[in-house]
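# Structure at a glance
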Amino acid sequence: MTRLPAAVACVFFSAAVAAKPAADDAAFRALYKQLVEINTTLSVGSCTEAAKAMQARLIAGGFAEADATVLVPADRPKDGNLIATLEGADANASPILLLAHFDVVEAKRADWKRDPFKLTEEGGFFYARGASDDKAMAAVFTDTLIRYRKEGFKPRRTLRLALTCGEETSDTFDGVSWLIGKHPNLMKAAFALNEGAGGELDAQGRAVALQIQAGEKVYQDFRLEVTDRGGHSSRPTRVNPIYSLSAALGRIGAFQFPIALNDATRAYFKGQLELAPTDVAEDIKGVLRDPPDGAAADRLWTLNPAWNGMLRTTCVATMVDAGHAPNALPQRAGANVNCRILPGTPLAAVKETLARLADDPTISIKAIGEPSPTGNVPTLGPEMMEPLRKVAEAIWPGVAIVPTMSTGATDGRFLNAFGTPTYGLSGMFHDAEGSHAHGLDERIRVRSLLDGRTFLYEVVKLYANAVD
């Protein structure tokens, strides 16, 4: 996929209208409201209910039941997933996967200013749990397929929608992982579009930078533990698990993994050069040099901890536990060290680094849980960048396009490891305060949601019709 047919480009540019209400905004708002107000938390919610609701919307929009199916694990009846397919004209072209998740983080009504499971529009924002993460994209992708079907749009590439359950609680169940295992043919694609990147607004609400995310760091917890026979606190010995563990954690805390830029992070920092003040830009140039300037990296870390996370693997102590009584020598001391590992870095190498830093054979180090799958960083060639540049320029003239890498984790990690390159791309912009995702009073700017709807509708159409 390297260029756009001229006819497609002309149709797009004659039809693109930035930031103007579409005739069917009301229908989209109703779909979005319905989805947001279905409780999909792990504790009491149901992704299956949400999947069936969106399935009904697709069928009402013209999809055959066979092309909009709900897949539910036999042992987890509330963890349903929706797969919908808009067949393409070229049977030899690999499909495009449109991925979003139904499930949301828990929310207590007593903690929120508003009911977290009722969509509230106030002051130019939508508020609710899942208003941004990730029911915004789930609603937009569902709406987009309905619009394509009603228009009679026949893409060159098949478009497959996967709305899944369990992204927020993947240690319990993850729909993408389950679908890869049970229905791998449905998850194989030329590439997938997913959550993981938005856009930045300046203080005046102007779109400054549109992000596309390629790759994400690998999440891994390690348990560090040291034990001793203990005894009475009036008779301290030369060995104390708390002191041993504290010394090891101090050495780990003082260590910085080496800077290791990949294509996505190098492009991200090059993009930041255009947006940063002069002094910050000089430090960014410092980390882009070979070898990187460590002092410049330290200053950037102080300015923005997220930048440090993009430069290198990070490991940080997040929990400690020790002792069993105030008047007894500790028999055990333990800590959780959370690592966010750069793509391509072996987990074993990170564990070896922790052991070297601990420098104490009495401290055991064990990886916790199933290791996250690892895959290559997807490439950001012209086949991905040119369509989004064209659409972005029509909606937000002059906006910078900034590649990025996620320092957190999404379901993209499963797809990248499976062999489906996965990109975060939403076109949904946030101000400096952000969306409050996972926190109190989660929100999304109304205009950002509607602009993102326009953006994804247009850019998916271009991707779907691009030729090899």
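Structure first, text after, so check above.
So, here is what we can say about the structure in this document. (Residues numbered from 1 in each chain as written. Predicted model: local features only at pLDDT ≥ 70, side-chain atom pairs only at ≥ 80, totals over all residues. Heavy atoms only, no water.)

## Remarks on the overall build of the protein
The number of helices and strands found in the protein is 15 helices and 19 strands. Rg of the C-alpha trace for the protein: 24 Å, near the compact-globule value of 23 Å for 468 residues, within the 12% margin. Principal-axis analysis of the C-alpha atoms gives the protein an extent of 80 × 55 × 45 Å. Buried positions account for 53% of the 468 residues belonging to the protein. (Helix = DSSP H or I, 4+ residues; strand = E, 2+ residues; numbered from the N terminus. Rg over C-alpha atoms; globule rule 2.2 N^0.38 Å. Buried < 20%, exposed > 50% of the residue type's maximum accessible area, 1.4 Å probe, protein only.)

## Concerning the packing of helix H9 (residues 278–288) against helix H10 (residues 294–303)
Two elements in contact, H9 and H10, have axes whose closest approach is 8 Å; the angle formed by their N-to-C orientations is 125°. Considered as vectors, H9 and H10 are oriented oblique to each other. Considering the relative orientation of H9 and H10, their crossing is left-handed. Every residue of H10 that contacts H9 at Val280, Asp283, Ile284, Gly286 and Val287 is listed here: Ala296, Ala297, Arg299, Leu300 and Leu303. Its residues placed into classes, the contact of H9 with H10 shows seven nonpolar, one polar and two charged. (Axes fitted to C-alpha atoms, helices over the stretch in contact; angles between N-to-C directions. Parallel < 35°, antiparallel > 145°, perpendicular 65-115°, else oblique. Left-handed = near helix turned anticlockwise from the far one by under 90°. Contact = heavy atoms within 4.5 Å. Nonpolar A, V, L, I, M, F, W, Y, C, P; charged D, E, K, R; others polar.)

## So, the sheet that holds strand S15 (residues 364–368)
Strand order in this open sheet of four strands is S12-S14-S10-S15, and the pairing throughout is antiparallel. Every other strand in the sheet has two partners, leaving strand S12 (314–322) and S15 as the edge strands with one partner each. Strand after strand, the sheet turns through a mean of 25° between neighbouring axes, direction not considered. Here strand S10 (residues 218–227) pairs with S15 via five bridges, running antiparallel. Residue Arg223 lies in a different strand from S15, and its bridge partner there is Lys366. Docked against the sheet, helix H7 (residues 241–254) engages S10, S12 and strand S14 (332–341), running at close to 15° with respect to S14. (Pairing = 2+ DSSP bridges.)

## Observations regarding the nonpolar core
Generally speaking, nonpolar side chains in soluble globular proteins are found buried as a group. By size, the foremost hydrophobic cluster in this structure holds 87 residues, and its most contacted members are Tyr32, Leu145, Leu193, Leu388 and Phe455. At 11 residues, helix H15 (residues 446–465) tops the list of elements feeding residues into this core. Discounting chain neighbours no more than four positions away, the residues touching Leu145 are Leu58, Phe63, Ala84, Leu86, Leu98, Leu159 and Leu161. Leu245, Ala335, Ile341 and Leu354 belong to the second-largest nonpolar core, a separate cluster that totals 21 residues. (Core = buried A, V, L, I, M, F, W, Y, C linked by side-chain atoms within 4.5 Å.)

## Some thoughts on unusual backbone geometry
Residue Asp134 is bonded to the preceding Asp133 through a cis peptide linkage, with omega at 5°. Locating Asp134 in the fold gives a position in the loop between strand S5 (125–127) and helix H4 (135–151). The step from Asp290 to Pro291 runs through a cis peptide bond, and the omega angle for that step is 0°. Inspection of the secondary structure assignment puts Pro291 in the loop between H9 and H10. Of note, Asp359 is a non-glycine position whose phi angle comes to about 50°, a positive value. With respect to the helices, strands and loops of the structure, Asp359 is situated in the loop between helix H12 (347–358) and S15. In this model, His436 sits at a positive phi of 60°, which is unusual for a non-glycine residue.

## Points about H4
Here H4 is 17 residues long and its end C-alpha atoms lie 24 Å apart, about the 24 Å a rise of 1.5 Å per residue gives. The buried fraction of H4 is high, at 14 of 17 residues. One or two steps after H4, the chain reaches Gly152, where phi turns positive at roughly 75°. (Expected span 1.5 Å × (residues − 1).)

## Description of the pattern of salt bridges
Here the structure, examined in full by the defined rule, presents 22 salt bridges. Salt-bridge contacts for Arg453 lead to Asp25; the nearest nitrogen and oxygen are separated by 2.7 Å. Of this pair, Arg453 sits in helix H15 while Asp25 sits in helix H2 (residues 25–36); the two residues are 428 residues apart in sequence, bridging distant segments of the chain. Relative accessible area serves as the criterion here: at 12%, Asp25 is assigned to the buried category. Two residues, Arg332 and Glu225, come together in a salt bridge whose shortest N-O distance is 2.7 Å. A residue pair is termed long-range when its members are at least 10 positions apart, and Arg332 in strand S14 and Glu225 in strand S10 qualify at 107 residues. By sharing partners, the salt bridges in this structure join Asp24, Asp25, Asp143, Arg147 and Arg453 into a single network. (Salt bridge = Lys/Arg side-chain N within 4 Å of Asp/Glu carboxyl O.)

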